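Residue-level structural notes
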Amino acid sequence: MTEYDETSSCPTTHEVWLPRNATSPDHVTQQLRFILACLLVASSSAFAGPCQFESQGEGRVAAIVDARSVRLDDGREIRLSGIAPTATTKQALTSLLAGHDVMLRSADDTPDRYGRQSALVFIGESDISVQAMLLARGDAIASAEIPDKDCAAALMASEAAARRQKMGSWADPSAIKNAESPDDILAEIGRFTVVEGKVLSVRQAGATTYLNFGRNWTRGFAVTISKRTLAAFESAGMALKSLENRRIRVRGWVEGNTGPRIDVRLVGQIELLGANEPTGVRP
């Protein structure tokens, strides 16, 4: 679990300009370096290629399969790890990757049950992943699925920069849902969604821990955490009970029938919000 204070100074929108229609990887990379330099100062963590995992091969992008998958000219289907799609992800992915040579990096090249190879994707010789580019443009959401802490932090920082600058999907004031408006969250069933709010209570029922954001447990928004995930929170030094009366940001796939739920399976899906961060749902 990570605690962020996003009030640190960073270039303003006119200083960090990411052209949404730029197709040159070098042009986009130049702009991204500027953002990442800012993030380096703000986060005080060393940016020394945090996502430079072992090479898992290379190839040329022959087709954009969907918002998170591409097909290479050798037939391999690659799933972009570390991100969840927004409405603009596929279009942005097409402009960045179609017809380009790419390098794949990941800790493991084992295909998933659909035969897709998950990886971070780099254009040519760039040391900035396509995932980081999409996140910094506001064209994707960090999924918190990358197990490497440094790489996960770098991707989250790219997203945070886009939120501060209201880039892409973050320009919409409703991009982050308010935990006090469960109907708005319920409308997002089946979508990867970011929600902010104050945890009113932490309750355990059987093998599930509930973080409740509303007084009405049936209809209010809640986060569910299974017993098998508790060890990961303990290793991260976070007792779930300590989240009571804390403001948090949670991300995940919305489910539920009466009240909306997000099932948290990874510690990185929850961020503690710093005391100096503005209240409300805007990033």
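Residues numbered from 1 in each chain as written. Predicted model: local features only at pLDDT ≥ 70, side-chain atom pairs only at ≥ 80, totals over all residues. Heavy atoms only, no water.

**Thoughts on the state of the cysteines**
Here a disulfide denotes one covalent bond, and it connects the sulfur atoms of two cysteines. Overall, the coordinates contain 1 disulfide when judged by the stated rule. Between the sulfur of Cys-51 and that of Cys-151 lies a disulfide, 2.1 Å long from S to S. The sign of the S-S torsion, about 100 degrees, decides the handedness of the disulfide formed by Cys-51 and Cys-151: right-handed. Residue Cys-51 is located in the loop between helix H1 (25-43) and strand S2 (55-66), and its partner Cys-151 is located in helix H4 (residues 149-165); the two are separated by 100 residues in the primary sequence. Its relative accessible area of 9% is what places Cys-51 among the buried residues. (Disulfide = S-S within 2.5 Å. Helix = DSSP H or I, 4+ residues; strand = E, 2+ residues; numbered from the N terminus. Buried < 20%, exposed > 50% of the residue type's maximum accessible area, 1.4 Å probe, protein only.)

**Some words on the pairing of strand S15 (residues 261-264)**
Across 4 bridges, the pairing between strand S13 (residues 222-226) and S15 is parallel. Considered in S15, the bridge of Val-223 is made with Ile-262. As defined by bridge partners, strand S14 (residues 247-255) adjoins S15 across 2 bridges and the pair is classed as antiparallel. Its bridge partner lying in S15, Val-254 is registered against Ile-262. (Pairing = 2+ DSSP bridges.)

**Describing the nonpolar core**
Residues Val-70, Leu-97, Val-130 and Leu-134 are the most contacted members of the largest nonpolar core, which totals 34 residues. If we ignore the near neighbours within four places in the chain, the residues touching Leu-97 are Val-61, Ile-64, Val-70, Val-102, Val-121, Ile-123 and Val-130. Counting residues in each nonpolar core, the second largest holds 22 residues, with Val-202, Phe-213, Leu-240 and Ile-248 among its members. (Core = buried A, V, L, I, M, F, W, Y, C linked by side-chain atoms within 4.5 Å. Contact = heavy atoms within 4.5 Å.)

**So, the packing of aromatic side chains**
Counted according to the given criterion, the structure contains 2 aromatic pairs. Judged by centre distance (5.4 Å) and plane angle (85 degrees), the rings of Phe-192 and Trp-253 are edge-to-face. Residue Phe-192 is found in strand S10 (residues 192-198), and its partner Trp-253 is found in strand S14; the two are separated by 61 residues along the sequence. A residue is classified by how much of its surface remains accessible, and Phe-192, at 10% relative accessible area, is buried. Both rings, one in Phe-213 and one in Phe-221, keep their centres 5.0 Å apart while their planes meet at 40 degrees; by these two values the pair is tilted. Phe-221 matches Phe-213 in its accessibility class, with the two residues each being buried. (Phe/Tyr/Trp six-rings, centres within 6.5 Å; stacked < 30°, edge-to-face > 60°.)

**Regarding the pairing of S13**
With 5 of 5 residues buried, S13 lies mostly within the body of the structure. Neither face of S13 is exposed, since Ala-222, Thr-224 and Ser-226 on one face and Val-223 and Ile-225 on the opposite face are all buried. Bridge count for strand S12 (residues 208-212) against S13 is 5 bridges, and the pairing is antiparallel. Paired with Thr-208 across the two strands is Ser-226, which belongs to S13.

**Let's talk about the environment of Val-121**
Mapping Val-121 onto the fold places it in strand S7 (residues 117-123). Its relative accessible area of 1% is what places Val-121 among the buried residues. Sequence separation between Val-121 and Arg-105 is 16 residues; the distance between their C-alpha atoms is 6.5 Å. Non-local contacts of Val-121, meaning those with residues more than four positions away in its chain, are made with Ile-78, Leu-80, Leu-97, Val-102, Met-103, Leu-104, Ser-129, Val-130 and Gln-131.

**Here's the deal with the pattern of salt bridges**
In a structure, side chains of opposite charge can pair up when their charged atoms sit close to one another. Using the criterion set out here, one finds 17 salt bridges in the structure. Here Glu-159 makes a salt bridge to Arg-163, at a shortest N to O gap of 2.2 Å. You can see Glu-159 and its partner Arg-163 sitting in helix H4, 4 residues apart, about one turn around the helix. Note on Glu-159: relative accessible area 0%, which makes it buried. For Arg-163, a relative accessible area of 1% corresponds to the buried category. (Salt bridge = Lys/Arg side-chain N within 4 Å of Asp/Glu carboxyl O.)

**Overview of H4**
Along its 17 residues, H4 runs 24 Å from first to last C-alpha, staying within 8% of the 24 Å computed at 1.5 Å per residue. Most of H4 sits out of view: 13 of its 17 residues are buried. Here H4 starts with a cap whose side-chain oxygen sits 3.2 Å from the backbone nitrogen of Asp-150, and that cap is Asp-148. Backbone geometry just downstream of H4 places Lys-166 in the positive-phi region, at approximately 55 degrees. (Expected span 1.5 Å × (residues − 1). Polar contact = N/O pair within 3.5 Å; in protein donor to acceptor, adjacent residues only side chain to side chain.)

**Some remarks on the side chain of Thr-224**
Residue placement: Thr-224 occurs in strand S13. Of the polar contacts made by the side chain of Thr-224, one reaches the side chain of Asp-263; its length is 3.1 Å.

**Notes on helix H2 (residues 89-97)**
Within H2, the full set of buried residues consists of Thr-89, Ala-92, Leu-93, Leu-96 and Leu-97. Taken down its axis, H2 places every buried residue within 110 degrees of arc, on the same side. Gly-99 sits one or two residues past H2 and shows a positive phi near 80 degrees. (Arc of directions from axis to C-beta.)

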